[in-house]
Amino acid sequence: MSVNDLKLVGFKSHDCHVLMRQRLILVVRGILPKKVRLAITCLCFFFNAIYSKVIDPQKLDDLENEASIILCELEMYFPPSFFDIMIHLIVHLVQEIHLCRPIFLCWMYLVERYMKVLKGYTKNQCRTKASIIERYVVEEAIEFYSEYINTTTPVGLPQSRHDSTIQGRCTRGFNVVTMDR
């Protein structure tokens, strides 16, 4: 977030979705005129409706019409430079629900998180893809072999101090005294 430039920078798609569905209504409440605020609130409610886990198929046509109306209202209040292809894609979200079922089943958050892990594998900046692939293959091979070689001790990892106590031997501070009659 850049306070000096009044810009939101560095958000992931999940952050934008949370902002759009929950926080934007609170932010615009006291700042914008009533008609603009109503259009943005309707947009937030639209996103809440399409991102819910249970969607009534009979309401999808109404949601598609509502998306068109919301975009028309936004065109009345915002300049043409505001509208790029991403704003237009709102109309197609309902069609995506018709084809793919609820949107939460198609979310890319898991893929984005895993891409961050894969990008962390990069050591050679000149050949990033090859570096990621090489490190990924090595990691997979190590995990595969470690499943089949249980009898060896791992390299670089210290042995546990607690292995013998788990088996019931060498318990320090615990004296067992057997009493006779």
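Residues numbered from 1 in each chain as written. Predicted model: local features only at pLDDT ≥ 70, side-chain atom pairs only at ≥ 80, totals over all residues. Heavy atoms only, no water.

1. A few points about the overall build of the protein
Then, number 1: In terms of regular secondary structure, the protein is built from eight helices and zero strands.
Then, number 2: Listing the helices and strands of the protein from first to last along the sequence gives α-α-α-α-α-α-α-α.
Then, number 3: Sequence-distant contacts, at least 24 apart, represent 51% of the contacts inside the protein between residues at least 6 apart.
Then, number 4: Carbon and sulfur atoms form 60% of the exposed surface of the protein, whose accessible area is close to 15,100 Å². (Helix = DSSP H or I, 4+ residues; strand = E, 2+ residues; numbered from the N terminus. Contact = heavy atoms within 4.5 Å. Areas by Shrake-Rupley, 256 points an atom, 1.4 Å probe, with all protein chains shown as cover.)

2. Points about the packing of helix α2 (residues 34-50) against helix α3 (residues 60-77)
Then, number 1: With their axes 10 Å apart at the nearest point, α2 and α3 run at an angle of 150 degrees to one another. It follows from the interaxial angle that α2 and α3 lie roughly antiparallel. As α2 packs across α3, the resulting crossing turns out to be left-handed. The segment α2 lies against α3, with Lys35, Val36, Ala39, Ile40, Cys42, Leu43, Phe46, Ala49 and Ile50 engaging Leu63, Glu66, Ala67, Ile70, Glu73, Leu74 and Tyr77.
Then, number 2: Of the residues belonging to the contact of α2 with α3, the class tally is 13 nonpolar, no polar and three charged. (Axes fitted to C-alpha atoms, helices over the stretch in contact; angles between N-to-C directions. Parallel < 35°, antiparallel > 145°, perpendicular 65-115°, else oblique. Left-handed = near helix turned anticlockwise from the far one by under 90°. Nonpolar A, V, L, I, M, F, W, Y, C, P; charged D, E, K, R; others polar.)

3. Side note on the confidence of the model for the protein
Detailed reading of the predicted model is not advised wherever pLDDT is low.
Then, number 1: In the predicted model, the protein carries a mean pLDDT of 79, and the fraction of residues at 70 or more is 82%.
Then, number 2: Within the protein, no element has a lower average pLDDT than helix α8 (residues 163-167), which sits at 59, and none a higher one than α3, at 91. (pLDDT = per-residue confidence, 0-100.)

4. Quick look at helix α5 (residues 90-100)
Then, number 1: Turning to α5, its buried residues number three or more, namely Ile90, Val91, Leu93, Val94 and Ile97.
Then, number 2: Check the buried side of α5 and you find it contacts α2, α3 and α4 (85-88).
Then, number 3: Arg101 lies just past α5 and shows a positive phi near 75 degrees. (Buried < 20%, exposed > 50% of the residue type's maximum accessible area, 1.4 Å probe, protein only.)

5. Some words on a nonpolar patch on the surface
Then, number 1: Together, Tyr114, Val117, Ile133, Tyr136 and Val137 line one region of the surface with nonpolar side chains, adding up to about 440 Å² of accessible area.
Then, number 2: Those elements that place two or more of their residues in the nonpolar patch are α6 (109-119) and α7 (128-148).
Then, number 3: With three residues, α7 is the single largest residue contributor to the nonpolar patch.
Then, number 4: Position of Ile133 relative to the elements: it lies in helix α7. (Patch = residues over 30% accessible without salt bridge, like charges linked within 9 Å, V, L, I, M, F, W, Y side chains within 5 Å. Salt bridge = Lys/Arg side-chain N within 4 Å of Asp/Glu carboxyl O.)

6. Considering the packing of α2 against α5
Then, number 1: Packing of α2 against α5 leaves a shortest axis separation of 11 Å and a crossing angle of 20 degrees. As far as their axial angle goes, α5 and α2 are roughly parallel. For α2 against α5, the interelement crossing comes out left-handed. In this structure, α2 contributes Leu43, Phe46, Phe47 and Ile50 to the contact, and α5 contributes Ile90, Leu93, Val94 and Ile97.

7. Quick notes on the environment of Leu19
Then, number 1: Structurally, Leu19 can be placed in helix α1 (residues 13-28).
Then, number 2: A relative accessible area of 27% means that Leu19 is categorised as partly exposed.
Then, number 3: Remark: the alpha-carbon pair of Leu19 and Cys44, spanning 25 residues in sequence, is separated by 9.2 Å.
Then, number 4: Sequence-distant contacts of Leu19, defined by excluding residues within four places in its chain, comprise Leu8, Phe11 and Leu24.

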